[in-house]
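# Observations on the model geometry
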Amino acid sequence: MADVIAAPGQLSGGGTQEQKNYLNETKGIASWLFTVDHKRIGIMYLWAVLASFFIGGVFALLVRLELLTPKETIMSAEAYNRVFTLHGAVMVFLFIIPSIPAALGNFVLPLMLGAKDVAFPRLNLASFWIYAIGAIFAVTAMVTGGVDTGWTFYTPYSTTTSGAVSTMTFAAFILGFSSIFTGINFIATIHKLRAPGMSWYKMPLFCWSMYATSIIQVLATPVLGITLLLLIMERAFQIGIFDAKLGGDPVLFQHFFWFYSHPAVYIMILPGMAIISEIIPVFSRKTIFGYKAIAFSSVAIALVGFFVWGHHMFVSGQSVLAGAIFSFLTFLVAIPSAIKVFNWLTTMYKGQISLKTPMLYALSFLLLFAIGGLTGVFLGALSVNVHLHDTYFVVAHFHYVMMGGTVIAFLGGLHYWWPKMFGRMFNERVGAIACALVFIGFNVTFLTQFVLGSQGMPRRYYNYLDQFQPLHAFSTFGSWILGLGLLIAAVNLFSTFRKKPDAPRNPWGAATLEWQTDTPPITHNFHHTPTIDHGPYDYFPGQRKHA
Amino acid sequence: MNWLRSVMLPAEGSSYAREVDTLYLFLVWLSVFFFVLIAGLMGWFVWRYRKSRSRGGPTPYITHHTGLELVWSVIPLLILIGIFFWGFHGFIKANVAPGDALEIQVTGKKWLWTFEYPNGTRSINSIHVPVGRPVKLVMSSEDVIHSFFIPSFRVKQDVLPNRYTELWFDPVKPGVHQVFCAEYCGKSHSDMMAKIYVDDQAAYEKWLEEGDEELKKMPLPELGKLIYETRGCNTCHSIDGTPGQGPSFKGIWGQQHKFADGSTAVVDANYIRKSVLEPQAQVRAGYEPIMPTFQGLLREREILAVIEYIKSLR
Ligand code: HEC
Ligand code: HEM
Ligand SMILES: [Cu+2]
Ligand SMILES: [Cu+2]
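Predicted, not measured: the structure shown is a model, and the values here were computed from it.

## Focus: the overall build of chain A
- Looking only at helices and strands, chain A features 16 helices and zero strands.
- At 23 Å, chain A has a C-alpha radius of gyration in line with the 24 Å of a compact globule built from 547 residues.
- Across the 547 residues that make up chain A, the buried fraction comes to 62%.
- In chain A, 85% of the contacts between residues at least 6 apart in sequence involve partners at least 24 apart.

Listed below in structure tokens is the structure:
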């Protein structure tokens, strides 16, 4: 191996389109639907989550359009309540949770480890099929009456409202299993299938983050499953667990729900952080700063994240003592996130930074995630939370972390690995323009909402006081810029299929294993079992010895 | 920092609001500091260490720096612990009502708020309270969870169907304050609003005695419209002909209506009075018997006003 790994953009040509690879080795729809190849399963997941993202995005634009003016703009209150519920449910359960782990992670994790596949390839396929069945239930719920409970399904509203609540809840229940299966698979793969010589500390940080994510998926998702089943039973048989009229406790549902859903926000963000930890060193051509700090903060987030659920319930009637404990732990869990941000920043210090599209997304992530995290501190502070809870401030906060964080990282990762997945390079300039529009549109849409929320505008409002209109209108304009940016990014990526494969083996000059094999990879990933002779971020391999 | 406060936050209606705002504004400046730090370093590194400026050769191999990492873990930790205690201090205050507070019972119901005073006076979607005296609301819900949110007092509390929750505030000057429902509760969640009128002592007592002065001067149809909008009729009844939870008011005056028990009646003054006071007596065919009674909630003149208003909706 050469002593210096080529810099981003330094290699050109040399596509391996004529060779057999995982895309062209077998043909026909059945060869995809019944494949056990982690790469093909990843690609199927990719199309599925992108379709979900599109549907959820259309719902989002409708929500924003309705809010352009108070009272009715384009739809009735009932329709609005259904649309915002579907937006949230689709984005959370069908898009964000599977997006990075099941689509990108499935594709790259075994490659990064130097493995031939995940530990349980059939379980992996089962995960995809279960996802598809869950998605069918979700679509059924949408067309048979819709759901108007919000993605949080709070009781007793959800046990008493009409509509396809049980079908939608059942969909989320099923989707939970696909998530658990992915988690089990990744845990086993990381423990057992690392290439010879790849110690835990020589794993790319992506794998550490995925490991932490998987632990949460496996431990937390069953709680959601049970909760949703109880909800369905409550609706069908009035068993009296959550409905006060039947002697149940509606707040109990919130405890159960957030016991899963707070850890679930880390199921969403840890994979985003995973991608950023790969992109930043590659495009800075400098080894990652604070490898262990980043790795262990992922694990710390996963563990402490289980004990902060009550910060969603400070005004729910929970005791003052409980509120205090949850607030304190919430502040603790913010620290590992802060540590990561500082580590990524320091990695850039004295680097050789090239602003390719994936790096632009990574830099956007840093800025947006910082805002998301800092506003989380407002919400963790008890007295301020009381004012801001259930207002647009919360809406803005979680969009900064989920969209500004996870989705931006997903887009960065998609651009980063696209050449590896399909053997095709996208247009850099168009990619950069799309990223800029997304960044600007996102901030116009959501920065505004911090002001709205602080002024007292509650969330999930169809109608609002006239005084809020200018800011709402501004936010709606922002959503159009954002939508345009995403559209351009999509066109840029998909139009690569119109040309011949042109991507080199390692276009960005990365040092992790997925770039050492063919582009696109062969079905068995590597021609020979790779040996590990340098760390995942050693761009100048001689260095470690001298350092 | 007053400009920032007035841009970001609603006017302060209570002395407690000041404590929340001070912490909020501190957090804004703290966030601005850290954001500028992060963005500034990022921008500087991108510019200073851009590839076209490098002289080639390997980048330095810097794996970690224990001192630096301790600094950026411990300092934020200390700041956050400080913020925790600050927020906790206010939270305790918001949770412990003074013993001499005026107690008002609040009931949330899709989609209106009902208030009951110690002396039995009741009102819907608006309350009057005396300035300078703490007020404690003891709240419960008749159906799903609602949340009582008064932005200008910086207080909020969920209203639950199976237990009483409390919220208190100490209004400092006369004025009007907006109440929102902050927990999603269905179709008219966003219209489930109320107003809190903070009166001086004399005006407050007068209101308790005889109801609102302004309302008394208003012409009947106009008063009827106001009642329709502020007492919750509009959450169930439309005035444009579209049926909602209840029938629309448009053009019903003089119509012959059929009831669930098969009988019929013509919509006239007596019928409307009876519909408002004993809604369950004659339930229109095709509707659920869910209309609450307004017995004791609407004064005689207000019922007349509603009748005139419905009459005017031809
Ligand atoms: C919770 C929903 C609800 C609210 C609030 C409500 N109503 Fe009704 N109202 C109904 C329903 C349902 C009916 C039809 C069934 C019945 O006759 O009881 C009805 C019937 C009526 C009727 C008879 C209409 C007809 O076509 O025969 C009148 C008049 C009326 N309401 C007046 C009022 C007024 C005035 C208010 C406000 C002070 C009000 N309602 C508030 C639900 C409501
Ligand atoms: C610095 C770290 C963070 C802190 C301190 C924090 C704190 C909080 C708090 C206290 C709330 C409750 C607000 C309320 O409803 O009153 C909240 C809401 C929320 N947060 Fe965070 N958060 C952080 C990071 C994240 C991340 C990384 C994500 C997801 C990727 C996230 C997603 C959410 C979501 C989805 C909600 C609202 C859920 C709902 O009500 O629908 N947060 N956050
Ligand atoms: Cu949370
Ligand atoms: Cu509500």
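## Quick word on the overall build of chain B
- Across its full length, chain B carries nine helices and twelve strands.
- By its C-alpha atoms, chain B is 95 × 50 × 35 Å across when sized along the principal axes.
- Residues classed as buried in chain B amount to 32% of the 314 residues present.
- Taking as baseline every contact in chain B between residues at least 6 positions apart, the subset at least 24 positions apart corresponds to 62%.

## Observations regarding the site of ligand 2
All names here are of chain A.
- Ligand 2 sits among 23 residues. The nearest are Val 265, Gly 376, Leu 379, His 389 and Phe 398.
- Looking at the shell around ligand 2, the elements with two or more residues in it are α8 (250–284), α10 (320–348), α11 (357–380) and α13 (392–422).
- Per-class residue counts for the shell around ligand 2 are ten nonpolar, 13 polar and no charged.

## A look at the environment of Leu 123 of chain A
Residue and element names in this part refer to chain A.
- Of note, Leu 123 is situated in helix α4 (residues 121–143).
- A sequence separation of 61 residues divides Leu 123 from Ile 184, and the C-alpha atoms of the two residues are 9.0 Å apart.
- In this structure Leu 123 touches Phe 181, Ile 184 and Asn 185, once residues within four positions along its chain are discounted.

## Things to note about the site of ligand 1
- Surrounding ligand 1, one finds 26 residues, the nearest of these being Cys 233, Cys 236, Gly 246, Tyr 287 and Met 291 of chain B.
- Broken down by secondary-structure element, the contributors of at least two residues to the shell around ligand 1 are α7 (233–236) and α8 (269–277) of chain B.

## Some points on the pairing of strand β9 (residues 175–181) of chain B
All names here are of chain B.
- The sheet contact formed by strand β6 (residues 146–150) and β9 spans two bridges and is antiparallel. In the sheet register, Phe 149 faces β9, and the bridge partner there is Phe 180.
- Of the pairings in the sheet, the one linking β9 to strand β10 (residues 194–199) comprises five bridges and is antiparallel in character. From the neighbouring strand, Gly 175 faces β10, where its bridge partner is Val 198.

## Points about the domain arrangement of chain B
Residues and elements named next belong to chain B.
- What the domain assignment reports for chain B is domain 1 (2–54 + 62–95), domain 2 (102–211) and domain 3 (217–312).
- With centres defined by C-alpha atoms, the gap from domain 1 to domain 2 works out at 34 Å.
- Between domain 1 and domain 2, the residue contacts involve ten residues of the former and eleven residues of the latter.
- Here the side of domain 1 that touches domain 2 takes four residues from helix α2 (residues 15–48), the largest share from any one element.
- The class makeup of the residues in the side of domain 1 that touches domain 2 is six nonpolar, three polar and one charged.

## Some words on the pairing of strand β2 (residues 112–116) of chain B
Residue and element names in this part refer to chain B.
- Bridging between strand β1 (residues 102–109) and β2 involves five bridges; their strand directions are antiparallel. Residue Thr 107 lies in a different strand from β2, and its bridge partner there is Thr 114.
- Where β1 folds back onto β2 in an antiparallel hairpin, the turn is made up of two residues.
- Bridging between β2 and strand β3 (residues 122–124) involves three bridges; their strand directions are antiparallel. By the bridge assignment for β3, Thr 114 is matched with Ile 124.

## Observations regarding unusual backbone geometry
- The linkage connecting Thr 519 of chain A with the following residue, Pro 520 of chain A, adopts the cis geometry, with an omega of -15°.
- Here Pro 520 of chain A shows up in the loop between α15 (469–494) and α16 (543–546).
- Of note in the backbone geometry, Asn 125 of chain B takes a positive phi value of approximately 60° without being a glycine.
- Along the chain, Asn 125 of chain B turns up in the loop between β3 and β4 (126–130).

## Observations regarding the interface of chain B and chain A
- Counting from both sides, the interface comprises 71 residues of chain B and, opposite them, 73 residues of chain A.
- At the level of elements, α2, α3 (66–95), β6 and β7 (155–159) of chain B are the ones that each hand at least two residues to the side of chain B that touches chain A.
- Its residues assigned to classes, the side of chain B that touches chain A comprises 43 nonpolar, 17 polar and eleven charged.

## Considering the sheet that holds strand β8 (residues 165–169) of chain B
Residue and element names in this part refer to chain B.
- Spatial strand order, β3-β2-β1-β5-β8: five strands in an open sheet with mixed pairing. Edge positions in the sheet fall to β3 and β8, since each of these pairs with one other strand and no more. For this sheet, the mean inter-axis angle between neighbouring strands, taken without regard to orientation, is 25°.
- Summarising the sheet, strand β5 (residues 135–141) and β8 pair through five bridges and their orientation is antiparallel. Paired with Val 138 across the strands is Glu 166, a residue of β8.

## Description of the packing of α8 of chain A against helix α9 (residues 291–304) of chain A
All names here are of chain A.
- Relative orientation of the contacting elements α8 and α9 amounts to 175°, with a least axis distance of 11 Å. With respect to α9, the axis of α8 lies roughly antiparallel. Residues Tyr 266, Leu 270, Met 273 and Ser 277 of α8 pack against Ile 294, Ser 298, Ile 301 and Ala 302 of α9.
- Classifying every residue of the contact of α8 with α9 gives six nonpolar, two polar and no charged.

## Structural notes on α2 of chain B
- Its 34 residues give α2 of chain B an end-to-end C-alpha distance of 50 Å, which sits within 8% of 50 Å, the value for a rise of 1.5 Å per residue.
- The set of residues buried in α2 of chain B consists of Tyr 16, Ala 17, Val 20, Asp 21, Leu 23, Tyr 24, Leu 27, Ile 38 and Phe 45 of chain B.
- The inward-facing, buried residues of α2 of chain B abut α10, α11 and α12 (382–388) of chain A together with α1 (2–8), α3 and β8 of chain B.

Parameters at a glance
- Residues numbered from 1 in each chain as written.
- Chains lettered and ligands numbered in written order.
- Predicted model: local features only at pLDDT ≥ 70, side-chain atom pairs only at ≥ 80, totals over all residues.
- Helix = DSSP H or I, 4+ residues; strand = E, 2+ residues; numbered from the N terminus.
- Rg over C-alpha atoms; globule rule 2.2 N^0.38 Å.
- Buried ≥ 20, exposed ≤ 12 C-beta atoms within 10 Å, placed from the backbone.
- Contact = placed C-beta atoms within 7 Å.
- Near = placed C-beta within 6 Å.
- Nonpolar A, V, L, I, M, F, W, Y, C, P; charged D, E, K, R; others polar.
- Pairing = 2+ DSSP bridges.
- Domains from an automatic or database assignment.
- Axes fitted to C-alpha atoms, helices over the stretch in contact; angles between N-to-C directions.
- Parallel < 35°, antiparallel > 145°, perpendicular 65-115°, else oblique.
- Expected span 1.5 Å × (residues − 1).

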